[in-house]
Each structure stands twice: as C-alpha cells, then as structure tokens.
Amino acid sequence: MHGYSRLGNPRAAGSPPSSPRCRHGRNKNAGGRGPKQSIVEKVVVLLISVVFKRRGVLLFAPLLYISGMLLYMGSVSFDVVSLKNAVVVVRKRSPPGSLYRSPQVFQKLWPYMQAESNHTHNFLMTVWNSKVHQVWKPCISKDTPKEGTALPQSNGLFIIEANGGLNQQRLSICDAVAVAGLLNATLLIPIFHLNSVWRDSRGKCWPLLRVYVKRDSMILKRSCFDNARNHVNVVRELPGDILERFDNNISNIVNLRVKGWSSPAYYLQKVLPKLEKMGAVRIAPFSNRLAHAVPSNVQRLRCLANFEALRFSNSIRILADKMVDRMIKSSSHSGGKYVSVHLRFEEDMVAFSCCEYDGGEEEKREMDIARERGWRGKFRRRGRVIRPGANRVDGKCPLTPLEVGMMLRGMGFDNTTSVYIAAGKIYKAEKYMAPLKQMFPRLEMKDTLATAEELAPFQGHLSRLAALDYTVCLHSEVFVTTQGGNFPHFLMGHRRYLYGGHSKTINPDKRKLALLFDNPSIRWEDFKRQVQDMLRHSDQKGVELKKPSASLYTFPMPDCMCKEAEARNENSNMTNKTDFNT
C-alpha cells in the first residue's frame, strides 16, 4: 500500500496515525484557521461525502426511496413535539389529505354558497363546451347482412354461465354473442346465477335484458333472448340430439377453463376444435373471458349486442320511462335537463374501502362487523395492514354526499338544479344526506320519484333496481361518477353512443379533492377554481377514442361509431338522421 493518505499528505508507510487526543489539541489551539464547525455542519459534510461516493449512493438510494414511499403512503409520519408547563407533548402529524375534514370545510364555505346564486341563466344549459362531439354517429348497421341471408351451418352449441350484477352480466352476454359469432356457434340463452350481493334469482330467462330482432320497426317479445338471425344463432333450450349425446345432463358437457382476456386466436385454436369434435362446449365462469383488442368484425358483434340488441324487460322499461319523464318535468326551469349522481356510499362500499369518516369508534366497530359479514376474514389475514389515511390520499375513498354537493356547487350548479341520486341503501342516510339536500333541495331518488306501489315488484331484486337507476342516469344532461365500477363505465360508453360521442360525464380527480377537503381555511374562489378545472378536464376527455387496452363498452369510438362524413361515404344509403332506436 502506498504511503499516502486519501487527502494526499505524504506519510511514512510504517508510521502510526496520530493520537485523536493530539489531533483534538491541535485543532483547539489552532487559531486563525477558520471558524469551528458545528455538529450539524459536520453531519451534513459527512453525509455529502458519503453519498457522493459510489458505495454511498448504492447504500442510500434504496433507503431514501423506501422512506419517501412510506412517508407518502402515511405509514411513517413525523412527530410534533411541544412543551406545555414543562411537560413534553407528542402529537402525530397526519399526511395532507388523509383525514376527513369535509364537514369543517363545508361550514367555512356554506355562507359563500348561499350568497352566490345564478338567477340569469341555468348552468345546465351551457355546462359542456366541447365543440367536436357532434361529428360522431352510430354506424353498426352498415355491416348488417341483408334480411334473409342465411348463416353458415353451426359448428356446435356454445354455453356460458354468468354471475354478478347488472352490468357484469351484460358484459358476459355481449362477449358471448361475439365469441359465438367468431366460432360460428349456436348460443344457448345464458344461465345466470344467484349472486350473494345482488340476490337475484337464478334462471335461464334473465328478467332484465332481452335481445330483439328488428322487423318492420317492431320488437319481438316472445322470449327473454330472441334470435338475432342476421348475426348469431340463439336457442332457448338444448336441442334434443345434444341432450341425448350427453345423457340429458348439461353437467356432462365439458367445461373449458379459459383464462381471462383470451384472444380470438386462442378461441379459434383451442376452443373451436373441441366444439367441432364434441358438438357442444361450456365456459363457466365466462365474465371477462374475451380480450379488449379483437378484430373489427368481432367488435361489431359486441357493439350490436350492447347498444342495439339488449333492452330491459317491459316491466323495468315502463317504470324507468315514467321516472325519466318525471325528472324532466321537475327540471322544466332548466329545459328538462338534470344532473344524475352515482353515489357509492352504501355500507358495504364504505367497509370495503377501509376508509374512515367522522363516526369515531362506533363507525370502526360497524365497519369491522360489515367487513367480517361480507368477506369472512379477508381483512384480518396475517400481514394485512389497513391504512385509511393512505386510501384517502390515493383517491380510493367513496365520496360522501356532502363532498359531492360541495363539488357540484363549486362547479357552478346552484340550488335550483334538479339532481337524481342513483344508489343503494346509503350508510346512515339521515346523517350524511342532510347536507346534500341542504345544498340541492330539488333532490330525487328511486323512492321519491316512484311510488311505493310502483317499486313493490322490484324490492329484493337489487339488479332490477339498478336498471331503473341506469335508465334515469342515461338520459341526464350530466352524469357524475364517484367510485368507478361497471355501472359508470357502461353508462359512459352508452352516453357516448347516444350523445354524438361525448360521455357528458364528470369524473373528478379524487386525489385533488382529498387535499381540497382537508383544508378548512380554503378560500371559496380557490375551491371553485380547482373543481371547475376538473369539470373542464372531464369535458375535454368526454370525447375519447378507444385505446387497444381499453373497453369498447366505455369507448365505443371508432368501433361502433363513425364521423358523419365517413358514415356518408362508407354507406351512401345511410343518412346522418337514421333512427337506431337507441
């Protein structure tokens, strides 16, 4: 080893280092060599010198990253120490946005909401500023075979089983129609199972939706799932020869295990040969078993099934149409336009989100019971850590009715706005709905818009009640989504299909809202500016084309819709005013 130190001072190879006591003494008596370094300065210099070395970077970089993530997620927070009467008081500092302070924010902003009213014009008349959304029109029918065109001979019977709620079953139907068309198979009316949440009865004849055939502008209503003859063969019961082949037992038909989001190539290579060989195959469960990115001819079948063929059953449609008419009449002051809100503040949703509000220990106890009742120990598994603050900061907490109301008032909707709330049983509705009704007196729900006698046949059937909500939301001028899920995603796509390509949906940034609702000292003007930016962003994103990994049911353009000029050029027989009976 060379006889030089790291600082470059020559030293004999065998000379021992000087005594620390001697070095300290020399520094102590060395006047005029510069000011003494404090302990903090020495630590900073030491850290910098270590970090700028290669080994220091490798050592500290992961630690700094992990520490930053822990701080961001709320797992670690600094303690605030203060002195009171010579006693040390330690308080835990919560990450910004991690607490439910919305009631305090409301108390601060409510006087400004009361003072600000719009008497000159209704905001609903000018809420959307997008200039390009009128160029898109449905154009599924341009690929429809001529009436009477026979389908090729079927390769076999295709059977699926589906469960879940309203739109999860809807997705399964549409994907099943697409796969049946791809395989040139005959589709058996799907079998629907009882779901522990939705609690609708099991059966082959789904009481919610029907596929119809358009003939002379009439809708055939002889069964729940009529044959769309020009595209896919559909049968109500298993043919006799198939039953005999499998000893009159549908369970003997092979059930293929298909991975989620499988490609059309997989179905053609793996499923079709077995279908041709055995004459019938089952896929159970079938939900989400077809990829989003498929050839245009397969997508067209999805479009046809979802936007043209499926209809709610008569009992649902009759009451739903009455409810829409009543909302329009109650909104006559705004040209019949109203706001609909999908409010996910039911007890099970609050429990599943693991978020905390202002209910204290009683709320925690109720949520623990609800989680155990609904998910049987899932949230008590070893290693499972529940961090309500981190969930709120990350935008995963369901918006409360109070927060929805403040957001809408800040966006410009005043107290004359008619609002429809689509929801199940709201958690502690009397407490949490009161401020929303205070901000929007013209508030309606299923049980206020329809009579008890009208709703009686639907009670106990949650997906039928959801179908009523779906229809009222579909025809609103503004739809507000607050928590995600199949319901708003299908609605956004359906509304794009109906309204010239624009979803007319407010999809708020809940991470930003968490910060706004965490600031009781926020100024009304600042609050309005922030939420109005969210409204403008939702308006701009309302017209959006489907990306390869996205769902057609949310983004029907360009697979199910065409620009007006393109629609005229591709099919000269189709005009822009064609009525697709949507």
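Preceding block: the structure.
Residues numbered from 1 in each chain as written. Predicted model: local features only at pLDDT ≥ 70, side-chain atom pairs only at ≥ 80, totals over all residues. Heavy atoms only, no water.

1. With respect to the pairing of strand β13 (residues 339-342)
Next up, step 1: Both faces of β13 are covered, namely the face carrying Val-339 and Val-341 and the face carrying Ser-340 and His-342.
Next up, step 2: Here β13 pairs with strand β14 (residues 419-422) via 4 bridges, running parallel. Its bridge partner being in β14, Val-339 is matched across the sheet by Val-419.
Next up, step 3: In terms of strand pairing, β13 meets strand β16 (residues 478-481) through 4 bridges, oriented parallel. (Buried < 20%, exposed > 50% of the residue type's maximum accessible area, 1.4 Å probe, protein only. Helix = DSSP H or I, 4+ residues; strand = E, 2+ residues; numbered from the N terminus. Pairing = 2+ DSSP bridges.)

2. Here we look at the state of the cysteines
Such a bond, covalent and formed between the sulfur atoms of two cysteines, is termed a disulfide.
Next up, step 1: As enumerated under the stated definition, the model contains 3 disulfides in all.
Next up, step 2: Shown here is the disulfide that connects Cys-139 with Cys-562, its sulfur atoms set 1.9 Å apart. Between Cys-139 and Cys-562 the disulfide shows an S-S torsion of about 75°. By sign, it is right-handed. Of this pair, Cys-139 sits in the loop between β3 (136-138) and β4 (157-162) while Cys-562 is found in strand β18 (residues 561-563), placing the two residues 423 residues apart along the sequence.
Next up, step 3: Judged by its relative accessible area of 4%, Cys-562 is buried.
Next up, step 4: The disulfide bridge from Cys-303 ends at Cys-560, spanning 1.8 Å between sulfur atoms. Here the disulfide of Cys-303 and Cys-560 is left-handed, its torsion about the S-S bond being about -70°. Pair noted here: Cys-303 is in helix α8 (residues 296-309) and Cys-560 is in the loop between α21 (524-541) and β18, with a separation of 257 residues, a long-range link. (Disulfide = S-S within 2.5 Å.)

3. Points about the sheet that holds strand β15 (residues 443-444)
Next up, step 1: Spatial ordering of the open sheet is given by β15-β14-β13-β16-β17, a layout of 5 strands whose pairing is parallel. A strand with exactly one partner marks an edge of an open sheet, and here the two such strands are β15 and β17 (505-506).
Next up, step 2: The pairing of β14 with β15 spans 2 bridges and is parallel. Pairing of Tyr-420 across the sheet is with Glu-444, part of β15.
Next up, step 3: On the sheet, helix α19 (residues 486-498) packs against β13, β16 and β17 and is oriented at approximately 155° with respect to β16. (Contact = heavy atoms within 4.5 Å. Axes fitted to C-alpha atoms, helices over the stretch in contact; angles between N-to-C directions.)

4. Thoughts on the packing of helix α5 (residues 166-183) against helix α7 (residues 264-278)
Next up, step 1: Two elements in contact, α5 and α7, have axes whose closest approach is 10 Å; the angle formed by their N-to-C orientations is 70°. What the angle tells us is that α5 and α7 run roughly perpendicular. In this structure, α5 meets α7 at a crossing whose hand is right-handed. Each of Val-179, Leu-182 and Leu-183 in α5 lies in contact with α7, whose residues at this interface are Pro-264, Tyr-267, Leu-268, Val-271, Leu-272 and Leu-275.
Next up, step 2: Within the contact of α5 with α7, the residues separate by chemical class into 9 nonpolar, no polar and no charged. (Parallel < 35°, antiparallel > 145°, perpendicular 65-115°, else oblique. Left-handed = near helix turned anticlockwise from the far one by under 90°. Nonpolar A, V, L, I, M, F, W, Y, C, P; charged D, E, K, R; others polar.)

5. Thoughts on the nonpolar core
As a rule of thumb, soluble globular proteins bury nonpolar side chains together.
Next up, step 1: Residues Phe-158, Tyr-267 and Leu-468 are the most contacted members of the largest nonpolar core, which totals 72 residues.
Next up, step 2: Examining the composition of this core, we find that 11 residues originate from one element, α5, more than from any other.
Next up, step 3: Summarising the domain contributions, this core has at least three residues from each of domain 1 (101-126 + 315-563) and domain 2 (157-311).
Next up, step 4: Once residues lying within four places of it in the same chain are set aside, the contact partners of Phe-158 are Ala-176, Val-179, Ala-180, Ala-185, Thr-186, Leu-187, Leu-188, Val-281, Ile-283 and Phe-286.
Next up, step 5: Membership of the second largest hydrophobic core comes to 53 residues, among which are Trp-128, Met-367, Met-433 and Phe-527. (Core = buried A, V, L, I, M, F, W, Y, C linked by side-chain atoms within 4.5 Å. Domains from an automatic or database assignment.)

Just geometry here; none of it tells us what the structure is for.
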